[in-house]
Amino acid sequence: GVHVPLGRRSHRRHRHHGHRHRKRSKERDSTAEDGRESPSHTDTPAQRVQFLLGTEDGDEEHIPHALFTELDEICLREGEDAEWKETARWLKFEEDVEDGGERWSKPYVATLSLHSLFELRSCIMNGTVMLDMRANSLEEIADMVLDQYEASGPVGEDARRKIREALLKQHHHQNHKKLANRIPIVRSFADIGKKQSEPHSMDKNGQTVSPQSQPANNEGKQDVSRENSAVDFSKIDLHFMKKIPPGAEASNVLVGELEFLERPVVAFVRLAPAVLLNGLAEVPITTRFLFILLGPLGKGPQYHEIGRSIATLMTDEIFHDVAYKAKDRNDLVAGIDEFLDQVTVLPPGEWDPSIRIEPPKNVPSQEKRKIPPVPNGVTDLGESGEHGGHGGPELQRTGKFCGGLILDVKRKAPHYLSDYTDAVSLQCLASFLFLYCACMSPVITFGGLLGEATEGRVSAIESLFGASMTGIAYSLFAGQPLTILGSTGPVLVFEKILFKFCKEYGLSYLSLRACIGLWTAFFCLLLVATDASSLVCYITRFTEEAFAALICIIFIYEALEKLLHLGVHYPINKNNNLQKLTLYSCSCVEPRDPSNETLQFWEERNITASQVNWTMLEVTECEMLHGEFEGSACGPHGPYIPDVLFWCVVLFFSTVFMSAFLKEFKTSRYFPTKVRAIISDFAVFITILTMVLVDYALGIPSPKLQVPNKFKPTRDDRGWVINPVGPNPWWTTIITFIPALLCTILIFMDQQITAVIINRKEHKLKKGCGYHLDLFVVGVMLGVCSVMGLPWFVAATVLSISHVNSLKLESECSAPGEQPKFLGIREQRFTGLMIFTLMGCSVFMTSVLKFIPMPVLYGVFLYMGASSLRGIQFFDRLKLFGMPAKHQPDFIYLRHVPLRKVHLFTIIQLSCLVLLWVIKTSKAAIVFPMMVLALVFIRKLLDFIFTKRELINEIMSFSLLMSKGSFGNVWKSVNPAESAKKEQSAKRLATYLNRIE
């Protein structure tokens, strides 16, 4: 039976019904008449727990809260004064008061003896269990516990008085010595222990509202107990209070030795409602649970281990919920048995029990312990299919004209205002400063390359203006503003081919390009109108990873290539002789055999070579007059420039390593959490600023970022509006739809694959996505840029991934030793808007931007490419080729899929990646989007080579497996025998435990 000390209460579903309990009167045990069908006695503990947690309880008192657990101990001998001393605490991991008594230990994973767990089970089976007790003070709780203690056997009046006095002894907490002067924190304590129905709540000033101002439930008790006095904030560790989650409640474990006791006092108490008992816990939050174990002298270590066991159980996710929802003693015992079924026993001779296990970085989800197993023969791949594909309401065909676009607008409109209010954060400032520097260089470089390919018709200023205008429009109106737009290699290849074609056939390049752009914009809008973006659901992780890996590798390759290319402009003098340093010289001389071009140049400018004082010319003047360099210090293109190439290499790698180091600074052990978070958020910006200052201080002439300083078209023979027909024949406006089809495929695949990567479920986006709206904005701006003679911009994969990574949200309130939990992404439009607004203003900031060394930006490219490779499962599988089996990571798919099959899958994916690389870097780069599209069909063919069970590693990434509980159910469906074995072992354990009772 279970003692349920209740007042009068309404007959709610799943509530116990009992009489009001009087002090010092014998109580009768309540029986559960909650209307539910109780589990059979033949059910396993896991099934009973799953049944209990699966029931819906309308009572707010049984809704689980976060728990703070504290272990206090006492040793009371005759003639000696003693007090309760805090010896350990738990938020998630155990922290002990060190033997020196002056500090807390590092948090560690609690290791329990199996014997102490069985002893705890016996305590719950045979001791007092009081659920939903109504009490306002520790005195009332002590009286009710002692009433039950007397009911189980005779207790002398003197012994009862001494036990009561022991329970009411003062509690000494570890933080009392060091908390005399602490600055109050802004966070209100009322938000931490807040509960509307509790009699002990805190007012706005942080003072406890005394229960004497409320109707008293204790009859005949008028004295004011010490528990109900105001909270003394001078004795509270305010820094630790920040770790306590809002709404958390306390669980107090009191164990100790009393010399006069002959038999132990054991009680498990659940209060309803939770009550603030001042001085009991080290933090001023309401107490929900008490576990009391007082016994005779001589068994202190045993009591300590039992106290640690119940405290550790209260931090277990499943038993914690069981404790809140338990209806009787048997539910608690079932919770302990289910916990025992999950524990792992380590042999005593093969490890050192005194070793403290460090908290793990990733804790597997316990959701599968709450869910009943899938019946044999039933496959449950629904959840896994959801994670593997990209289904959902955003990609369902509506069958209506512009139906998907309209739904996207309706989905995003309610969040539009919050897209700006959510950006009020230092993290957003750090993000757009980092991405602005990262976006500027590729846009200007792309413009420069385009200018060389088109003889200046579309160059750097057009690229800067187009990127700014398109990016601002996209940030304001797109469905997924986290995506960053940029230029792509295939577009540059297309522009080169088109310009060459126009030059050969005497056509106007800008007019023909405008026609192709307008047709492409029309086709994009047609795809939007017909809900063609719903085809994105066929893009699987196989295609995503191949595309993302290719773009990341291109970023890394181009960063290194640009660094090596600096060696052409700043060559190394390989013929150095330290003894001849004083003889080195390089002077300008008249060309011995001037070319026809040089002679024509002199003639046009009336220059007589013999009258020029060549030896007095500077390097720039010598190059301008087509002079030659002569001397031992001359290189192929002029004088050797000392130190520049070496300094560029130093800047490049310093940027990479410093960015990576500062980004990981969040997990270091130095400085407070807030400082570490700011350094991590501003990592790349701090790195760029540091490198610029060091470069400026040293004065070495490293190549700098060149930004156009005048806002006007590069060529004077063109304006900002292009006539689509112009001097070209009229029929070119029609025939250009053929190349526009190829452009449309290029735009569609680049845009949507990047959008799929950004909208992955792992990113936990809450505001939804808008594939149709994204493509609509890109299509409209593509048409605008075509008419204005500006480059085309589409989603940039690496920049978008870097943008998302820079806006990751993590839990601020994490238990000591617990890694902050990933909460999602800070979804807003402000960062993208500011990136491209600043980019447009760059024309007016050349006086500042000219100090940024190009090697620093190349280093940022390498960092972005390398950091974006994280989380791509393909690279994890690629590393397995060089690892012996015993050193391979414990990936889920390696446990269940043969290694040769994993290698075969990886080789196929690697072959596709190599093929994409070859096409991307060859003259056939124009068909690159077609090959990306072909990956979808290659993935479909893999269904004929691999079974669904073997493709489980492609359905979900390993990181997703570790964060979700779905894989357990999926695996049970493909391997039901193993699940059945576990159920049988659980039943055998329950039978054994009942026998030893």
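Being a predicted model, the structure only gives us computed values, none of them experimental.

**Student:** Help me understand the overall build of the protein chain, please; the structure alone is not making it clear to me.
**Tutor:** A tally of helices and strands in the protein chain yields 37 helices and 16 strands. For the protein chain, buried positions account for 52% of its 997 residues. Residue pairs at least 24 apart in sequence account for 80% of intrachain contacts in the protein chain once pairs closer than 6 positions are excluded. When the accessible area of the protein chain is evaluated, it comes to approximately 46800 Å², of which 58% is carbon and sulfur surface.

**Student:** Please explain a nonpolar patch on the surface as it appears in this structure.
**Tutor:** A surface patch of nonpolar side chains, about 730 Å² in accessible area, is lined by W730, W731, I734, I735, F737, I738 and L741. Elements with a minimum of two residues in the nonpolar patch: α23 (732–735) and α24 (737–758). Within the fold, I734 resides in helix α23. By relative accessible area, which is 45% here, I734 ends up partly exposed.

**Student:** How should I be thinking about the pairing of strand β2 (residues 84–90) in this particular structure?
**Tutor:** On a regular strand, each side chain points to the face opposite its neighbour's, so the side chains alternate between the two faces of the sheet. Counting buried residues in β2 gives 5 out of 7 residues, a clear majority hidden from the surface. Where strand β1 (residues 67–76) meets β2, 5 bridges bridge the pair, whose relative direction is antiparallel. Within the sheet, the bridge partner assigned to E73 lies in β2 and is K85. In the sheet, β2 pairs with strand β5 (residues 171–172) via 2 bridges, with the strands oriented parallel. Within β5, the residue paired with K85 across the bridge is H172. As judged from the 3 bridges shared by β2 and strand β3 (residues 94–96), these two strands associate in the antiparallel manner. Across the sheet, residue W90 finds its bridge partner in β3, namely E94.

**Student:** I would appreciate a short explanation of the packing of helix α17 (residues 541–569) against helix α32 (residues 899–921) in the present structure.
**Tutor:** α32 packs onto α17 with a crossing angle of 50 degrees between their chain directions and a minimal axis gap of 10 Å. It follows from the interaxial angle that α17 and α32 lie oblique. Crossing hand, α17 versus α32: right-handed. Here R541, F542, E545, A546, A549, L550, I553, I554 and Y557 of α17 come into contact with α32, specifically with F905, I908, Q909, C912, L913, L916, W917 and K920.

**Student:** Before we go on, may I ask you to explain the nonpolar core in this structure?
**Tutor:** The nonpolar side chains of a soluble globular protein tend to be buried, and buried together. In terms of nonpolar packing, the biggest core is built from 141 residues, with M440, L705, W792, L799, I835, M839 and M864 touching the most fellow members. For this core, the element with the most residues is helix α13 (residues 426–453), which contributes 15 residues. Discounting residues that sit within four places of it in the chain, W792 has contacts with V491, F494, E495, R513, I516, G517, C743, L782, C785 and S786.

**Student:** Could you clarify how one ought to interpret the environment of A473 in this entry?
**Tutor:** With respect to the element layout, A473 can be found in helix α14 (residues 460–477). Judged by its relative accessible area of 13%, A473 is buried.

**Student:** Help me understand the state of the cysteines in this model?
**Tutor:** Two cysteines, two sulfur atoms, one covalent bond between them: this is a disulfide. Counted under the stated rule, the structure contains 1 disulfide. Shown here is the disulfide that connects C588 with C622, its sulfur atoms set 2.0 Å apart. The sign of the 80 degrees torsion about the S-S bond sets the C588-C622 disulfide as right-handed. Of the two residues, C588 is situated in strand β10 (residues 587–589) and C622 in helix α19 (residues 619–624); the sequence distance between them amounts to 34 residues. Relative accessible area serves as the criterion here: at 3%, C588 is assigned to the buried category.

**Student:** Can you help me understand the packing of α17 against helix α29 (residues 854–868) in this one?
**Tutor:** Each pair of packed helices can be described by the angle between their axes along with the distance between the axes. Running from amino to carboxyl end, α17 crosses α29 at an angle of 155 degrees, the nearest separation of the two axes being 8 Å. Overall, the two elements α17 and α29 adopt an arrangement that is roughly antiparallel. Considering the relative orientation of α17 and α29, their crossing is left-handed. Residues C552, F555, I556, A559, K562, L563 and L566 of α17 pack against P855, Y858, F861, L862, M864, G865, A866 and S868 of α29. Across the contact of α17 with α29, the residue classes break down as 12 nonpolar, 2 polar and 1 charged.

**Student:** How should I be thinking about the side chain of T470 in this particular structure?
**Tutor:** Inspection of the secondary structure puts T470 in helix α14. Using a relative accessible area of 4% as the deciding quantity, one classes T470 as buried. Within the structure, T470 has its side chain in polar contact with the backbone oxygen of G466 (distance 2.8 Å). Among all residues touching T470, those that are not within four sequence positions of it are L485, M781, C785 and F793.

**Student:** Before we go on, may I ask you to explain the pattern of salt bridges in this structure?
**Tutor:** For side chains of opposite charge, pairing can occur when their charged atoms come near one another. Going through the model one piece at a time under the given rule, you end up with 23 salt bridges. A salt bridge links R89 to E95; the nearest nitrogen and oxygen atoms lie 3.2 Å apart. On the accessibility criterion, E95 (5% relative accessible area) is buried.

**Student:** Would you mind going over the packing of aromatic side chains with me for this structure?
**Tutor:** Per the stated rule, a full pass over the model turns up 17 aromatic pairs. Their ring planes at 85 degrees and their centres at 5.1 Å tell us that F289 and Y324 sit as a pair that is edge-to-face. Here Y324 lies in helix α8 (residues 317–325) and F289 lies in strand β8 (residues 287–295), a separation of 35 residues in the sequence. Overall, the relative accessible area of 1% leaves F289 in the buried class. Ring centres 5.2 Å apart and planes at 90 degrees place the aromatic pair Y557 and W917 in the edge-to-face group. Here the residue Y557 occupies a position in helix α17, and W917 occupies one in helix α32, the gap between them amounting to 360 residues. Aromatic ring contacts, followed pair by pair, group W519, F522, F523 and F737 into a single cluster. Between R89 and the ring centre of W104, over which it is positioned, the NZ or CZ distance is 4.0 Å. It is R263 that lies over the ring of Y149; its NZ or CZ is 4.2 Å from the centre.

**Student:** Would you take a moment to explain the pairing of β8 for this structure?
**Tutor:** Within β8, 9 of the 9 residues are buried, which leaves it mostly tucked inside the rest of the structure. Of the strand pairs in this sheet, strand β7 (residues 265–275) and β8 are connected by 7 bridges, and their pairing is antiparallel. Residue V265 lies in a different strand from β8, and its bridge partner there is L294.

**Student:** How should unusual backbone geometry be read in this particular structure?
**Tutor:** Leaving glycine aside, a negative phi is the common case for residues, and trans is the common case for peptide bonds. Residue P273 follows A272 across a cis peptide bond; omega there is 0 degrees. The phi torsion at D132 lies on the positive side, around 60 degrees, for a residue other than glycine. Relative to the elements of secondary structure, D132 occurs in strand β4 (residues 128–133).

**Student:** Explain the side chain of R121 here, please?
**Tutor:** Residue position: R121 is located in helix α2 (residues 114–126). Polar side-chain contacts of R121 include one of 2.5 Å to the side chain of D337.

**Student:** Explain the confidence of the model for the protein chain to me, please; I cannot follow it from the model alone.
**Tutor:** Low pLDDT means the predicted atomic positions in that stretch should not be read closely. Scored by pLDDT, the protein chain has a mean of 75; 78% of the residues are at 70 or more. Of all secondary-structure elements in the protein chain, the lowest mean pLDDT belongs to helix α35 (residues 958–963), at 36, while helix α7 (residues 300–315) reaches the highest, 92. Across residues 179–229, where pLDDT falls below 50, the model places 113 contacts with residues more than four positions away in sequence or in other chains. Contacts for the low-pLDDT stretch residues 376–389, under 50 throughout, to residues beyond four places or in other chains number 23 contacts.

Procedures and definitions
- Each residue is numbered by its place in its chain's sequence as written, counting from 1.
- Per-residue local features are limited, in this predicted model, to residues with pLDDT of at least 70; the limit for side-chain atom pairs, both in listing and counting, is 80 or more; totals at the level of whole chains, interfaces and linings are taken over all residues.
- Only hydrogens and water are set aside when side-chain values are computed; all heavy atoms of the structure are taken into account.
- Elements are defined by DSSP. Helices are runs of H or I of four residues or more, strands are runs of E of two residues or more, and each kind is numbered from the N terminus.
- Buried residues are those whose accessible area, probed at 1.4 Å on protein chains only, stays under 20% of the maximum for their type, while exposed residues exceed 50% and partly exposed ones sit between those limits.
- For this analysis, residues touch if any pair of their heavy atoms sits within 4.5 Å.
- Note on areas: these come from Shrake-Rupley sampling with a 1.4 Å probe, and a residue is covered only by the protein chains present in the view.
- In this analysis, a patch consists of residues with relative accessible area above 30% that form no salt bridge, clustered at 9 Å for like charges and at 5 Å for the nonpolar side chains Val, Leu, Ile, Met, Phe, Trp and Tyr.
- Should a side-chain nitrogen of Lys or Arg be within 4 Å of a carboxyl oxygen of Asp or Glu, the pair is scored as a salt bridge.
- The criterion for strand pairing is that DSSP finds at least two bridges linking the strands in question.
- Geometry is summarised by axes, namely lines fitted to C-alpha atoms with helices restricted to the contacting stretch, and by angles between N-to-C directions that run from 0 to 180 degrees.
- Roughly parallel covers angles under 35 degrees, roughly antiparallel covers those over 145, roughly perpendicular covers 65 to 115, and oblique covers all other angles.
- Crossings are classed by handedness, with left-handed meaning an anticlockwise turn of the near helix from the far one by less than a right angle and right-handed meaning a clockwise turn.
- In this description, a nonpolar core means a group of buried Ala, Val, Leu, Ile, Met, Phe, Trp, Tyr and Cys residues linked to one another through side-chain atoms lying within 4.5 Å.
- A pair of sulfur atoms, both from cysteines and within 2.5 Å, is called a disulfide here.
- Side-chain classes are defined by residue name, with Ala, Val, Leu, Ile, Met, Phe, Trp, Tyr, Cys and Pro counting as nonpolar, Asp, Glu, Lys and Arg as charged, and the others, Gly among them, as polar.
- Any N or O atom pair separated by 3.5 Å or less is treated as a polar contact, with the protein-specific requirement of one donor-capable and one acceptor-capable atom, and with residues adjacent in sequence counted only for side-chain atom pairs.
- Between the rings of Phe, Tyr and Trp (Trp by its six-membered ring), a pair exists once the centres lie within 6.5 Å; its type follows the angle of the planes, with under 30 degrees stacked, over 60 edge-to-face, and the other angles tilted.
- We count a charge as sitting over a ring when the NZ of a lysine or the CZ of an arginine lies within 6 Å of the ring centre and within 35 degrees of the ring normal.
- Known as pLDDT, the predictor's confidence for each residue is given on a scale from 0 to 100.

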